Amino acid sequence: MTQRQNWLVLAATAAVAVVAAHLLDPLAFQYIRIANVNEEDWGRMLRVMGFFPLWITAAAALALHDRTPFRRLVRSRAGLLFFASGLGGAVAELLKLLFRRLRPGELGEYAFRPFAERPFSTGGLGLPSSHALVAFAAAAILSRIFPRAWPVWWGLAWGCAFTRVASGAHFLSDTVAAALVGWVVAAGVWQWRDPRGSRGEMPAPTAVHT
């Protein structure tokens, strides 16, 4: 398949996933509910995957591990993780202002905020989930940096998404949209690092011993 065909297949798959998620929203809202999920240790662990400062800390640790010189930090493994997760959070906020769909109501109904009402505030808006998008962007970039560990990264991201739905804070479609956008964000960051589109695990910098 050509690159154009690959993108068409991906776009079609994404569209089907978004439509399916919206159709499943009522069932997910009714049956995927854990009232105290954010009070459980496992729930807090998964939710924090969408907390940007966590990935700032992880990026700092990776930079120290790789002994990355400051001048090369931006395009390093640590820089990729920082920018993918941070850009994911920023894109989530911008999309919320565009779509303006509120978080689930008591009956799981859709409601939208008019553009004239609090036009630049994302408070109470839910599409896409910011926590989930940060988690998925981090998972997607980590899956490119450390591809053999991809089940761990994506498992943690979907776990974060699960907590957002189970707590009633988001619709299932909020998190599916976040997964798709997070993948696109990470793909863009990776392409920016290497326009030639090299594949495979990104090698760790050679340690310099003094």
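Look above for the structure.
The text that follows walks through the structure, step by step, so that each part is easy to find.

Each value, and the rule that gives it
- Residues numbered from 1 in each chain as written.
- Predicted model: local features only at pLDDT ≥ 70, side-chain atom pairs only at ≥ 80, totals over all residues.
- Heavy atoms only, no water.
- Helix = DSSP H or I, 4+ residues; strand = E, 2+ residues; numbered from the N terminus.
- Rg over C-alpha atoms; globule rule 2.2 N^0.38 Å.
- Contact = heavy atoms within 4.5 Å.
- Areas by Shrake-Rupley, 256 points an atom, 1.4 Å probe, with all protein chains shown as cover.
- Lys, Arg positive; Asp, Glu negative; His and termini not counted.
- Charge placed at Lys NZ, Arg CZ, Asp CG, Glu CD.
- Salt bridge = Lys/Arg side-chain N within 4 Å of Asp/Glu carboxyl O.
- Buried < 20%, exposed > 50% of the residue type's maximum accessible area, 1.4 Å probe, protein only.
- Polar contact = N/O pair within 3.5 Å; in protein donor to acceptor, adjacent residues only side chain to side chain.
- Axes fitted to C-alpha atoms, helices over the stretch in contact; angles between N-to-C directions.
- Parallel < 35°, antiparallel > 145°, perpendicular 65-115°, else oblique.
- Nonpolar A, V, L, I, M, F, W, Y, C, P; charged D, E, K, R; others polar.

Regarding the overall build of the chain
Across its full length, the chain carries seven helices and zero strands. In the chain, the succession of helices and strands from N to C terminus is α-α-α-α-α-α-α. Expected size for 210 residues packed as a compact globule is a radius of gyration near 17 Å; at 18 Å, the chain falls within 12% of this value. Overall size of the chain, expressed as C-alpha extent along the three principal axes, is 65 × 45 × 35 Å. Long-range contacts, defined here as pairs at least 24 residues apart, represent 73% of the contacts in the chain between residues at least 6 apart. Taken as a whole, the chain presents about 11900 Å² of accessible surface, with 68% of it coming from carbon and sulfur. Of the side chains in the chain, 21 bear a positive and 12 a negative charge, and the two mean positions are spaced by 12 Å.

Comments concerning the pattern of salt bridges
This model, assessed by the stated rule, comprises four salt bridges. Here Arg-44 ties to Asp-41 by a salt bridge, and the two come within 2.5 Å at their closest N and O atoms. Placement of the pair is Arg-44 and Asp-41 together in helix H2 (residues 41-47), with a separation of three residues, close to one helical turn. We classify Arg-44 as partly exposed; its relative accessible area is 42%. When the shortest N-O distance is used, the salt bridge between Asp-174 and Arg-101 registers 2.6 Å. Highlighted residues: Asp-174 in helix H7 (residues 172-193) and Arg-101 in the loop between helix H4 (77-99) and helix H5 (130-145), separated in sequence by 73 residues.

Notes on the environment of Ser-76
Take Ser-76: it is sitting in the loop between helix H3 (52-66) and H4. The class for Ser-76 is buried, based on a relative accessible area of 7%. Taking C-alpha positions, Ser-76 is 31 Å from Met-1, a pair spaced 75 residues apart along the chain. At 2.6 Å, the side chain of Ser-76 and the backbone oxygen of Leu-73 are in polar contact. At a separation of 3.1 Å, a polar atom in the side chain of Ser-76 contacts the main-chain amide nitrogen of Gly-79.

What to know about the packing of H5 against helix H6 (residues 150-166)
Contact geometry for H5 and H6: axes closest at 8 Å, N-to-C directions at 175 degrees. Comparing the axis directions of H5 and H6 gives the class roughly antiparallel. Here His-131, Ala-132, Ala-135, Phe-136, Ala-139, Ala-140, Leu-142 and Ser-143 of H5 come into contact with H6, specifically with Trp-150, Trp-153, Trp-154, Ala-157, Trp-158, Cys-160, Ala-161 and Arg-164. Broken down by class, the residue content of the contact of H5 with H6 amounts to 13 nonpolar, two polar and one charged.

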